[in-house]
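What follows is the residue order along each chain.
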Amino acid sequence: MAKVEYDAIVVGSGPNGLAAAITLRRAGLYVLLLEGKGELGGGMRSAELTLPGFVHDVCSAVHPMVTLSPFFKSLPLTDFGLEMINPAIAAAHPFDDGTSGVLHHSLSETADALGADRDAYLRIMESTVRNLPKLLPDLLGPFPYPRHPIALAQFGVKALTSASWLGDRFGTKKARGLWAGMAAHSMQPLTNLATSAFGMMLMSAAHVGHWPIPKGGSQSIANALVSYFLSIGGQIETNHFVRSLDELPKAQAILLDVTPRQLLEIAGDKLSVAYARKLQKYRYGMGVFKIDWALCEPIPFANADCKKAGTVHLGNTLEEIEYSEKITSKGKHSEKPFVLLTQPSVFDGSRAPAGKHTAWAYCHVPNGSHEDMTAAIESQVERFAPGFRDIIMARNTMNTSEMQAYNPNYVGGDINGGIQDIRQLYTRPVMSLSPYRTSMKGMYICSSATPPGGGVHGMCGYHAAKRALKDVFGQK
């Protein structure tokens with residue numbers, strides 16, 4: 001590559017890399033975005049993984065934060081082809097007796113459906129739902145200097161508890177199970193402090209902004225971001241896998257959408273000994289085992305609400321989910337894993353040939369696991385949708401090694417870019433007042449290994465870019 005000077009170079013085209021590049025370009029900088037693969041998007045890619053005509057999301061599929069992220073909301077993505085679809089029901093959680101807990105878009109409808117736990121749900125969720133729009137800039141950033149301290153305190157006093165403890169505020173199986181499924185997105189034991197934050201954020205997101213899926217697949221989000229970046233004068237080069245900073249043209253600022261392990265590989269010799277030592281202590285969490293299916297018909301769930309839900313959590317009771325996540329965190333594999341599932345083709349006909357369908361699911365496994373969880377996952381689906389195995393036309397599986405090969409940021413299959421427990425929630429990748437800075441002047445880390453962590457929201461990249469603009473270019 002010709003040695004051309006740029007104001008800034010961004011390495012990696014996931015949601016955070018694209019957010020960083022866009023933020024820098026909007027500030028008037030000459031920006032180059034580098035991507036190691038031929039396709040752009042990172043965790044937002046879609047592909048025909050099973051059969052021709054069946055479009056599957058390789059990683060992320062349902063996007064609660066796309067319509068709520070302050071960064072995404074600032075972009076005219078609909079003008080660049082992005083269309084989000086809202087399923088009739090955000091999420092459903094079936095039980096062995098054929099009933100289900102349901103996360104409706106409406107707060108009151110969700111609460112009413114929980115029966116005896118109606119008031120408990122409103123006590124936990126009502127203030128967060130009311131305050132979420134003004135809290136998001138603080139919650140989706142580095143350690144907050146609160147703009148709304150009272151509202152943040154109301155959220156924090158509940159969010160910092162363990163999901164197991166807060167789950168015990170509910171008395172019914174339906175509410176407890178629904179809550180546990182939400183909190184299990186944290187990818188850690190539900191007894192850990194601050195796991196309630198994940199459940200509260202996801203549930204309130206459904207009530208405020210829904211849990212939409214992108215028409216055509218998650219690649220549509222990446223395509224819209226890329227098109228916008230190019231439209232404002234950004235430059236992109238694909239098939240350039242960066243292994244060393246020495247490969248890069250001269251630039252005043254370099255932003256890397258990588259986790260600490262890749263940062264050490266790419267720039268270890270440029271980092272201070274103390275900073276490198278801290279990066280070496282960075283902790284990765286559970287991995288995932290993922291399956292995509294091509295189906296001859298929709299999944300035959302026994303519960304009707306599951307057929308209308310964009311996301312279905314398969315784990316039965318709080319106690320069962322709690323046990324599964326606990327043993328997985330200790331390096332064991334659950335015989336009845338908690339499974340997160342979506343069937344986008346029910347809501348988006350572009351995902352599969354006429355009359356056919358796609359489905360996507362994963363479960364948590366120990367980091368670095370090579371266990372084939374196909375039978376365990378399909379047993380969980382069959383448990384709540386008898387006859388499921390009979391409608392499978394083809395499947396594609398990815399274990400933790402294959403997830404990491406697809407995206408090096410998924411170390412050991414950890415799709416969050418590092419465990420997001422209370423010790424590493426705001427101290428990712430290191431404890432610092434400015435977590436996006438590295439020890440090398442002009443170099444920043446902008447991946448999900450920085451606050452606010454995993455998810456398709458672009459806020460890690462946005463905040464890293466704002467830091468670089470202030471430090472290097474004197475912009476606020």
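Our subject is the structure listed above.
Reading the values: the criteria
- What you see as residue numbers is a count from 1 along each chain, following the sequence as written.
- Under the rules for a predicted model, residues below a pLDDT of 70 receive no local features and side-chain atom pairs below 80 are neither given nor counted, while totals for whole chains, interfaces and linings still include all residues.
- Remark: hydrogens and water are excluded; side-chain values derive from all non-hydrogen atoms of the structure.
- In this text, helices come from DSSP runs of H or I with a minimum length of four residues, and strands from runs of E with a minimum of two, each type numbered from the N-terminal end.
- Our radius of gyration is a C-alpha quantity, and the globule rule it is checked against amounts to 2.2 Å times the number of residues to the power 0.38.
- Buried means the residue's accessible area, taken with a 1.4 Å probe over protein chains only, is under 20% of the maximum for its type, while exposed means over 50%, and partly exposed covers the values in between.
- Contacts: residue pairs with any heavy atoms within 4.5 Å of one another.
- Neither His nor the chain ends is counted toward charge; the positive residues are Lys and Arg and the negative residues Asp and Glu.
- Charged groups are reduced to one reference atom each: NZ for lysine, CZ for arginine, CG for aspartic acid, CD for glutamic acid.
- Working convention: axes come from line fits to C-alpha atoms, limited for helices to the stretch in contact. Angles between N-to-C directions cover 0 to 180 degrees.
- Each crossing gets its handedness from the near helix: less than a right angle anticlockwise from the far helix is left-handed, clockwise is right-handed.
- Residues are sorted three ways: Asp, Glu, Lys and Arg are charged, Ala, Val, Leu, Ile, Met, Phe, Trp, Tyr, Cys and Pro are nonpolar, and all the rest, Gly among them, are polar.
- In protein, a polar contact means a hydrogen-donor-capable atom and an acceptor-capable atom, both N or O and within 3.5 Å, with residues adjacent in sequence counting only if both atoms are side-chain atoms; elsewhere, any N or O pair within 3.5 Å suffices.
- Any carboxyl oxygen of Asp or Glu within 4 Å of a side-chain nitrogen of Lys or Arg constitutes a salt bridge here.
- Put plainly, a pocket is an open set of points on a 1 Å grid over the protein atoms alone with protein on both sides within 12 Å along at least five of seven lines, a cavity is a set where a 1.4 Å probe fits but cannot get out, and a lining residue has an atom within 4 Å of a point.
- Grid points are joined across faces, edges and corners, and a volume is the space filled by probe spheres set on the points.
- At least two bridges found by DSSP between two strands is the condition for calling them paired.
- The directions considered for the arc are those from the helix axis to the C-beta atoms.

## Here we look at the overall build of the protein chain
Regarding its fold elements, the protein chain presents 16 helices and 16 strands. Relative to its length of 476 residues, the protein chain is compact, with a C-alpha radius of gyration of 21 Å against a globular reference of 23 Å. On the principal axes, the C-alpha backbone points of the protein chain span a range of 65 × 50 × 45 Å. Put simply, the protein chain has 476 residues, and 61% of those count as buried. At a minimum sequence separation of 6, the contacts of the protein chain that also span at least 24 residues come to 75%. Positive and negative side-chain charges of the protein chain, numbering 45 and 41 respectively, have mean locations separated by a distance of 8 Å.

## Notes on the packing of helix α10 (residues 260-267) against helix α11 (residues 273-280)
Here α10 crosses α11 at 145°, and the two axes come no closer than 9 Å. Like other packed secondary-structure pairs, α10 and α11 cross with a definite hand, here left-handed. Where α10 abuts α11, its residues Pro-260, Leu-263 and Leu-264 lie against Tyr-275, Ala-276, Leu-279 and Gln-280. Residue classes in the contact of α10 with α11 are distributed as six nonpolar, one polar and no charged.

## A word on the side chain of Asp-348
Checked against the element boundaries, Asp-348 lands in the loop between β13 (339-342) and β14 (357-365). A polar contact is formed between the side chain of Asp-348 and the backbone nitrogen of Gly-216, at a distance of 2.6 Å. Polar side-chain contacts of Asp-348 include one of 2.6 Å to the side chain of Ser-350. Excluding residues that lie within four positions of it along the chain, Asp-348 makes contacts with Ile-85, Pro-214, Lys-215, Gly-216 and Gly-217.

## A look at the pattern of salt bridges
Under the counting rule described, the total for this entry stands at 21 salt bridges. The partner of Arg-395 in a salt bridge is Glu-378, with the nearest N and O atoms 2.7 Å apart. Pair noted here: Arg-395 is in strand β15 (residues 392-398) and Glu-378 is in helix α14 (residues 374-384), with a separation of 17 residues, a long-range link.

## Considerations on the layout of surface pockets
Summary: where empty space remains is shown by rolling a probe the size of a single water molecule over the atoms. Considered as a void within the structure, the second largest pocket measures approximately 500 Å³ in volume. Residue lining of the second largest pocket: 20 residues in total, with Pro-142, Tyr-145, Arg-147, His-463 and Lys-466 positioned closest to the centre. Elements represented by at least two residues in the lining of the second largest pocket include exactly α4 (118-139) and α16 (459-473). In terms of residues, the lining of the second largest pocket owes the most to one element, α16, which gives six residues. For the lining of the second largest pocket, the class distribution of residues is 11 nonpolar, three polar and six charged.

## Some details on the pairing of strand β7 (residues 100-103)
Taken residue by residue, a regular strand's side chains alternate between the two faces of the sheet. Of the two faces of β7, the one lined by Ser-100 and Val-102 and the one lined by Gly-101 and Leu-103 are each fully buried. Linkage of strand β6 (residues 89-94) to β7, two consecutive antiparallel strands, is achieved through a turn of five residues, within which Gly-98 is found at a positive phi near 95°.

## Remarks on α10
Residues of α10 that are buried include every one of Pro-260, Gln-262, Leu-263, Ile-266 and Ala-267, and no others. Taken down its axis, α10 places every buried residue within 160° of arc, on the same side. In the core, the buried residues of α10 are packed alongside β10 (251-256), α11 and β16 (443-445).

## Brief notes about empty space enclosed by the protein
In the structure shown here, the tally under the stated rule is one cavity of 30 Å³ or more. Around the largest cavity sit Val-55, His-56, Asp-57, Asp-292, Pro-344, Arg-351, Thr-358, Ala-359 and Trp-360, which together line it. Only β4 (56-57) and β14 provide two or more residues apiece to the lining of the largest cavity. For the lining of the largest cavity, the element with the most residues is β14, which contributes three residues. Looking at side-chain class alone, the lining of the largest cavity contains four nonpolar, two polar and three charged residues.

## Some remarks on the sheet that holds strand β2 (residues 31-34)
Spatial strand order, β9-β2-β1-β10-β16: five strands in an open sheet with parallel pairing. At either end of the open sheet lies a strand with only one pairing partner, and these are β9 (235-237) and β16. The average angle at which neighbouring strand axes cross in this sheet is 20°, direction not considered.

## What to know about the sheet that holds β7
Spatially, seven strands are ordered β7-β6-β12-β13-β14-β11-β15 in an open sheet, and the strand pairing comes out mixed. On the outer flanks of this sheet lie β7 and β15, each paired with one strand and no other. Across the sheet, the axes of successive neighbouring strands diverge by a mean angle of 20°, strand direction being ignored. When strand β11 (residues 287-295) meets β15, the two strands line up antiparallel, connected through six bridges. Counted as the bridge partner of Ile-291 is Thr-397 from β15. Docked against the sheet, helix α7 (residues 173-183) engages β6, β7 and β12 (309-314), running at close to 55° with respect to β7.

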